[in-house]
Amino acid sequence: MIDPKLLRNDPEAVAANLARRGFEFDAAAYRELDERRRSLQLEAQELRNQRNERSKAIGQAKQRGEDIEPLKAEVADLGERLERAEQALGEVQERLEALHLELPNLLDEQVPDGADEADNAELRQWGGIPVMAFTPRDHVDLGAALGGMDFEAAARIAGSRFVTLSGDLARLHRALIQFMLDLHTGEHGYEEVYVPFLVNAQSLTGTGQLPKFEEDLFRVDHDPAYYLAPTGEVPVTNLVQQRIVEDGEMPLRFACHTPCFRAEAGSHGKDTRGMIRQHQFEKVELVQVVRPHESWAALEALTGHAEAVLRRLALPYRVVSLCGGDIGFAAARTYDLEVWLPGQERYREISSCSNFTDFQARRLKARWRNPETGKPEPVHTLNGSGLAVGRCLVAILENYQEADGRVSVPEALVPYMGGKRVLGA
RNA sequence: GGAGAGGUGGCUGAGUGGUCGAAAGCACCCGACUUGAAAUCGGGUGAGGGCGCAAGCCCUCCGGGGGUUCGAAUCCCUCCCUCUCCGCCA
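Computed from a prediction, not measured in an experiment: that's the story for all the values here. (Residues numbered from 1 in each chain as written. Chains lettered and ligands numbered in written order. Predicted model: local features only at pLDDT ≥ 70, side-chain atom pairs only at ≥ 80, totals over all residues.)

Right, let's talk about the sheet that holds strand E8 (residues 244-245) for a bit. Taken together, the three strands give an open sheet; going across it, the order is E8-E14-E15, and neighbouring strands pair in mixed fashion. Because the sheet does not close on itself, it has two edges, and the strands there are E8 and strand E15 (376-378). Note: strand E14 (residues 367-369) against E15, three bridges, orientation antiparallel. If you follow Arg-367 over to E15, its bridge partner there is Pro-378. (Pairing = 2+ DSSP bridges. Helix = DSSP H or I, 4+ residues; strand = E, 2+ residues; numbered from the N terminus.)

As a structural note, the neighbourhood of RNA strand B is formed by 20 residues, with Asn-49, Ser-55, Ile-58, Gly-59 and Val-75 the closest of them. Elements represented by at least two residues in the surface near RNA strand B include exactly helix H3 (27-63) and helix H4 (69-102). Per-element tally for the surface near RNA strand B: the top contributor is H3, with 13 residues. (Near = placed C-beta within 6 Å.)

With respect to the element layout, Gly-384 can be found in strand E16 (residues 380-388). Each C-alpha atom, one on Gly-384 and one on Ala-306, is 7.3 Å from the other, the two residues being 78 residues apart in sequence. Residues in contact with Gly-384, not counting those within four places in the same chain, are Leu-286, Leu-302, Thr-303, Ala-306, Ser-351, Ser-352, Cys-353 and Ser-354. (Contact = placed C-beta atoms within 7 Å.)

All right, on to the domain arrangement of chain A then. Quoted interface sizes are often the accessible area lost when the parts come together. Split by domain assignment, chain A resolves into domain 1 (4-102) and domain 2 (117-423). Here the C-alpha centroids of domain 1 and domain 2 sit 43 Å apart. Each partner contributes to the interface: domain 1 provides five residues, whereas domain 2 provides five residues. Its residues assigned to classes, the side of domain 1 that touches domain 2 comprises one nonpolar, one polar and three charged. (Domains from an automatic or database assignment. Nonpolar A, V, L, I, M, F, W, Y, C, P; charged D, E, K, R; others polar.)

Turning our eyes to something else, we now look at the pairing of strand E12 (residues 333-341). Burial within E12 is extensive, with nine of its nine residues counted as buried. By the alternation rule, side chains of E12 split into Arg-333, Tyr-335, Leu-337, Val-339 and Leu-341 and Thr-334, Asp-336, Glu-338 and Trp-340, which are all buried. The sheet contact formed by strand E11 (residues 317-321) and E12 spans five bridges and is antiparallel. Residue pairing for E12: Ser-321 is matched across the bridge by Tyr-335. Across nine bridges, the pairing between E12 and strand E13 (residues 346-355) is antiparallel. Paired with Leu-337 across the strands is Ser-351, a residue of E13. (Buried ≥ 20, exposed ≤ 12 C-beta atoms within 10 Å, placed from the backbone.)

Let us now look at the nonpolar core. Grouped together as the largest cluster of nonpolar side chains are 87 residues, with contacts concentrated most on Leu-176, Val-339, Leu-387, Val-389, Cys-392, Leu-393 and Ala-395. If you count residues domain by domain, this core takes at least three from each of domain 1 (4-102) and domain 2 (117-423). Setting aside residues no more than four positions away along its own chain, Val-389 makes contact with His-173, Leu-176, Ile-177, Phe-281, Glu-282, Lys-283 and Val-284. (Core = buried A, V, L, I, M, F, W, Y, C linked by C-beta atoms within 7 Å.)

UniProt records the feature "binding site: ATP" (unreviewed entry) at Arg-262, Ala-263, Glu-264, Glu-349, Ile-350, Ser-351 and Ser-352, using the numbering of this structure. Within the element layout of this structure, Arg-262 appears in the loop between strand E9 (252-261) and strand E10 (280-290). If sequence neighbours within four positions are ignored, Arg-262 has contacts with Asp-216, Pro-230 and His-279. Here Ser-352 is to be found in strand E13. Note on Ser-352: 23 C-beta atoms within 10 Å, which makes it buried. In this view, Ser-352 contacts Thr-334, Asp-336, Gly-384 and Ser-385; residues no more than four positions away in its chain are not counted. (UniProt positions renumbered as here; feature names shortened; annotations may be inferred.)

Now the structure itself:
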């Protein structure tokens, strides 16, 4: 949620900023609506004040044993007028609230201009594109050759956009999770957490998936509604929902292995082949809750932590800063890590690291006690995948493949694979 | 799923129709005492919002929602959550 004070005082500035996303915000209409709210609120407050005073007088008169009937009559129509004012105010407030929840976060000034993916700014590359002496296969072909990757079985069990892994591949999948968690908890200062994977609507509203993106979610038939978490970001960030975090506790750094479930309603026909885009996948998620002035430094650090995984695995990648048209709803600035996939001959997103500034914190009512003011103020939240496990497995298969279809195990994962160095051997 | 007990400020916990945003304690801040600290004593300290140049004034908030009443933390309905016991279960 954008700071309501800023919205009220300078809606034109908000509109100009959001326009960089291609988002239209009618500042004049907002001013008008907010002005209406203000006058209705004044009226309601004044009436309520009068009613409170009159009621108090009744109590006092009653204690003195006086007749209170005339006083009661006096308050009668006050109540009716108040009710009307409150109803009108409630309607306006509801509209404002709905509007607030649908406004995306303000973009940081460093976010590049642009309409889509093609306009993202490459910040750096690492590893270089490998040259192979043979025509590289993609992970689907490699999986078929190795065995242990079965899309048909998954389709029978569930449907399309699922996969089953078995044997070495299932173990490699688990090895990646263990390796990432060990790295982040052991060397990057994260606390490992375990959280619910079914979440309620309030949590999804807190991190920004609701109310606008319900079609991307799987909803469970239960009353009240549960949703399958589309990303670990939701349950983990909501750890600080409705909390006032003490200054000394910050920054909070959480690492969590979570499954993610996405309906991807808008992506039919996109990445239909293979494991790239699935209804179910796993991530090791990194979440930070920091003091506001620390969040930009934290974004660089967090991105570095995610990059460290790719470097340890010696997977070539690049970092791009998402442009205004491509960045997510809640983010002020986002760096995507894109890994090189020889089978596709292109970079593909494997991690997305964002600073949400105070946008999620407002929705979550996640605050800290600022020692300078002594007041509770919104924290800043960040998260990033560190990394997406399924895509990481794809990247290893494609980058570590040999001419004969076998796949060597990255050095860092050998201990997690029971010493095994080659898959398919 | 069944039975019972509860949900009150940063925390613990009183309060069962009016002067209660709410006792007390803890924590925290300021001051006194002290060479310093501790202990002790005195004072202060909830959140959100509106109006105002400011001082300040006002409104809302006692799990969520609805109701009764001139007036609700307090009474009624409903939902959610927590705890205890029973059942079931990985």
